[in-house]
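Residue-level listing of the chains:
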Amino acid sequence: MNTFGSRRTNVKIAVGALVCEESILKGDITIGPKTIIHPRASIIAEAGPIIIGEGNIIEEMAIITNRLPPDTPEPTTIPVQIIGNYNVFETDCTCEAFKVGDHNILESKGTSCTLTEADTIPENTIIYGNECQRREMHDKPYPPISQIEFLLKILPTYHHIRKPNVKPTKIEGGL
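In this numbering scheme, every chain counts its residues from 1 along its sequence in written order. Local features in this predicted model are restricted to residues of pLDDT 70 or higher, and side-chain atom pairs are both shown and tallied only at a pLDDT of 80 or more, whereas totals for entire chains, interfaces and linings draw on every residue. With hydrogens and water set aside, each side-chain value is computed from the structure's full complement of heavy atoms.

### As for the pattern of salt bridges
Opposite charge on two side chains permits them to pair, given that their charged atoms come into close proximity. Salt bridge, as used here, is a side-chain nitrogen of Lys or Arg placed within 4 Å of a carboxyl oxygen of Asp or Glu. Per the counting criterion, the structure on display carries two salt bridges. Of the charged contacts, one joins Asp 28 and Lys 12 as a salt bridge, the two residues approaching to 2.8 Å between their closest N and O atoms. Linking Asp 28 in strand S4 (residues 28–31) with Lys 12 in strand S1 (residues 10–13), this pair joins segments that are 16 residues apart in sequence. Summary of the burial criterion: residues with accessible area below 20% of their type's maximum are buried, those above 50% are exposed, and those between are partly exposed, where the area comes from a 1.4 Å probe applied to protein chains only. With relative accessibility at 25%, the residue Lys 12 sits in the partly exposed group. Note that Glu 96 is salt-bridged to Arg 67, the shortest N-O span being 2.6 Å. Linking Glu 96 in the loop between strand S12 (94–95) and strand S13 (99–100) with Arg 67 in the loop between strand S9 (63–66) and strand S10 (81–83), this pair joins segments that are 29 residues apart in sequence. For Arg 67, a relative accessible area of 36% corresponds to the partly exposed category. Counting from the N terminus, the helices are the DSSP runs of H or I reaching at least four residues and the strands are the DSSP runs of E reaching at least two.

### A closer look at a nonpolar patch on the surface
Together, Ile 51, Val 80 and Ile 82 make up an exposed nonpolar region whose accessible area comes to about 210 Å². Mapped onto the elements, Val 80 comes out in the loop between S9 and S10. Patches here: salt-bridge-free residues with over 30% relative accessible area, like charges joined within 9 Å, nonpolar side chains (Val, Leu, Ile, Met, Phe, Trp, Tyr) joined within 5 Å. Note on areas: Shrake-Rupley with a 1.4 Å probe; residue coverage comes only from the protein chains shown.

### Notes on the environment of Thr 65
Residue placement: Thr 65 occurs in strand S9. It is 8.1 Å that separates the C-alpha atoms of Thr 65 and Ala 97, two residues lying 32 residues apart in sequence. The contact definition used throughout considers only heavy atoms, calling two residues in contact when any of these lie within 4.5 Å. When near neighbours in sequence (up to four residues on either side) are disregarded, Thr 65 contacts Ile 44, Ile 50, Gln 81, Cys 95 and Glu 96.

### Section: the layout of surface pockets
Volume-wise, the largest pocket comes out at about 2000 Å³. In this analysis a 1.4 Å probe is tested at points of a 1 Å grid over the protein atoms alone, and where it fits but cannot get out there is a cavity; an open set with protein on both sides within 12 Å along at least five of seven lines is a pocket; lining residues have an atom within 4 Å of a point. The wall of the largest pocket is formed by 45 residues, among which Ala 97, Leu 106, Leu 115, Ile 121 and Ile 127 lie closest to the centre. Elements with a contribution of two residues or more to the lining of the largest pocket: S12, S13, strand S14 (105–106) and strand S15 (125–128). Ranked by residue count, the leading element in the lining of the largest pocket is S15, at four residues. Under the grouping applied here, Gly and all other residues not named as nonpolar or charged are polar, the nonpolar ones being Ala, Val, Leu, Ile, Met, Phe, Trp, Tyr, Cys and Pro and the charged ones Asp, Glu, Lys and Arg. Of the residues in the lining of the largest pocket, the class split is 20 nonpolar, 14 polar and eleven charged. Grid points are joined across faces, edges and corners, and a volume is the space filled by probe spheres set on the points.

### Things to note about the pairing of strand S16 (residues 133–136)
Here, any two strands with at least 2 DSSP bridges between them count as paired. When S15 meets S16, the two strands line up antiparallel, connected through four bridges. By the bridge assignment for S16, Ile 126 is matched with Arg 135. Counted along the chain from S15 to the antiparallel partner S16, the turn is four residues long, and its residue Gly 129 has a positive phi close to 80°.

### Quick notes on the sheet that holds S9
Spatially, four strands are ordered S3-S6-S9-S12 in an open sheet, and the strand pairing comes out parallel. Bordering the open sheet on either side are strand S3 (24–26) and S12, each of which pairs with just one other strand. Summarising the sheet, S9 and S12 pair through two bridges and their orientation is parallel. By the bridge assignment, Ile 63 is partnered in S12 with Thr 94.

### Details of the environment of Pro 69
Its location among the elements puts Pro 69 in the loop between S9 and S10. In the structure, Pro 69 is positioned 22 residues away from Ala 47 in sequence and 9.9 Å away in space, judged by C-alpha atoms.

### Here's the deal with the nonpolar core
The set of buried Ala, Val, Leu, Ile, Met, Phe, Trp, Tyr and Cys residues whose side-chain atoms join them within 4.5 Å is what this entry labels a nonpolar core. If you look at the biggest cluster of nonpolar residues, it comprises 21 residues, and the most contacted ones within it are Ile 29, Ile 31, Ile 43, Ile 52, Ile 58, Ile 64 and Phe 89. Elements represented by at least two residues in this core include exactly S1, S4, strand S6 (42–45) and strand S7 (50–52). The residues touching Ile 29, leaving out its near neighbours within four places in the chain, are Asn 10, Val 11, Lys 12, Ile 43, Ala 45, Ile 50 and Ile 52. With nine residues, the next largest nonpolar core counts Cys 20, Ile 36, Ile 57 and Val 88 among its residues.

### Quick look at the confidence of the model for the chain
For the chain, per-residue confidence averages 87 on the pLDDT scale, and 90% of positions sit at 70 or higher. pLDDT expresses, on a scale from 0 to 100, how confident the predictor is about each individual residue. Ignoring residues within four places in sequence, the model shows residues 1–6, a span with pLDDT below 50, making 21 contacts including any to other chains.

Pasting the structure below:
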């Protein structure tokens, strides 16, 4: 039994985030503003907390899990999984990376690449094909702002939404 695993769910939802009640959230999870979590998306903080930044889209059946691989010795510090900003986790993808940067797209379409070794993937890298070939993109992907705006309007029409429970912090100098 993993002693770091959280038996209780402690979900912190920032103002401006949209989290469908039908999503599966377990453990210590922090969800940033403008992040959208679809129904049936799963976020499981088993080995330690998961911190999700701003403007992420986590679609239905996507799974984000903070867990240690089987037969891993108990760590001396609690592993924190950090998801950056403006990432898209498409339907049915799985992410167990301890760190995801900004502006990434994870999808399960096509031949399903699986990366199982510890690796740091450079920015603007595309991994594709059943042999996980890599190539560098020339431009960074655009943040999915229009998709976020659309989902913020349409999802509350068809789904029950969890209420934000984290107050916004004041920015020095005021806005």
